[in-house]
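# Structure at a glance
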Amino acid sequence: MGVMTRAEAADRSDDGARQTPARLRRRASRLLSQLTARSDRLINEGLARVDARKWHYAVLASLVEYGPGSQATLSRRTGIYRSDMVGVLNELAEHGLVERVPDPDDRRRNIITISARGRRRLPRLDKVLDDLHDELLAPLSPAERDQLVRLLTRLLDHHTRAS
C-alpha cells in the first residue's frame, strides 16, 4: 500500500513482527486513530487517481441532497472550514462541477449550485468510494459492515451532541 506511517512503523520490530503491547492494541481510541490514518490514505489516494478529493465529494453530495447554498451553508453542511471552502469551490468551478451566482438578497454573497456535469460526476465518485470502502472493510461481512457503521454513527452522534 506504499510507505508506512510513523505510527505503523512503531508497531513493528526490526524484523517486521508486530510489537505493540496488548494494552495498547485494545484501546479503542488508538485503534480508531490508526484506522483513520489508513482510511484517509486509501480514500485520498483512490480519489486522486480520478482527479478528485474527499471535499469535492462532500460538496457535491450536499448540493444534490439539500440543494443550493452559500459558502457558509456548505461549510456547515460538510464540516469544511470556511477558509478552505473557497479553494474547494474554486477547484469544483474550474472543473465545471458547480456554478456560482450572486445571491439576489445579498450581492456580496454567492449561491453555489451543482452543474449538470457535477450531477453526472457524483455517481462516478460514489462508485469509486464504494470500491475503496470494499477494500477498507474487506475482512468484514456485509452485516458486520452495517453494524460497524451503526456503532460509529451512534458514537459520533453522542459526542457531537455532547460538544
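Residues numbered from 1 in each chain as written. Predicted model: local features only at pLDDT ≥ 70, side-chain atom pairs only at ≥ 80, totals over all residues. Heavy atoms only, no water.

Going by an unreviewed UniProt entry, the protein carries the name Putative MarR family transcriptional regulator and comes from Streptomyces lydicamycinicus.

### Quick look at the pattern of salt bridges
Under the criterion given, the structure shown has six salt bridges. Close ionic contact of D40 with K54 constitutes a salt bridge, the shortest N to O distance being 3.7 Å. With a gap of 14 residues between them, D40 in helix α3 (residues 28–48) and K54 in helix α4 (residues 54–66) connect regions that are remote in the sequence. For D40, a relative accessible area of 31% puts it in the partly exposed group. When the shortest N-O distance is used, the salt bridge between R109 and D103 registers 2.5 Å. The exposure class assigned to R109 is partly exposed, which follows from its relative accessible area of 38%. According to the relative accessible area criterion, D103 is buried, its value standing at 4%. (Salt bridge = Lys/Arg side-chain N within 4 Å of Asp/Glu carboxyl O. Helix = DSSP H or I, 4+ residues; strand = E, 2+ residues; numbered from the N terminus. Buried < 20%, exposed > 50% of the residue type's maximum accessible area, 1.4 Å probe, protein only.)

### A look at the packing of α4 against helix α7 (residues 116–136)
Taken N-terminus to C-terminus, the directions of α4 and α7 make an angle of 120°; their axes are 10 Å apart at the nearest point. Considered as vectors, α4 and α7 are oriented oblique to each other. Here α4 runs over α7; the crossing is left-handed. Taking contact as the criterion, the partners of Y57, L60, A61 and V64 in α4 are, on α7, G118, R119, R121, L122, L125, D126 and L129. Counted by class, the contact of α4 with α7 contains seven nonpolar, one polar and three charged residues. (Axes fitted to C-alpha atoms, helices over the stretch in contact; angles between N-to-C directions. Parallel < 35°, antiparallel > 145°, perpendicular 65-115°, else oblique. Left-handed = near helix turned anticlockwise from the far one by under 90°. Contact = heavy atoms within 4.5 Å. Nonpolar A, V, L, I, M, F, W, Y, C, P; charged D, E, K, R; others polar.)

### Observations regarding the nonpolar core
L47, V59, L60, L63, L74, L89 and L92 are the most contacted members of the largest nonpolar core, which has 22 residues in total. Looking at which element gives the most residues to this core, the answer is α7, with five residues. (Core = buried A, V, L, I, M, F, W, Y, C linked by side-chain atoms within 4.5 Å.)

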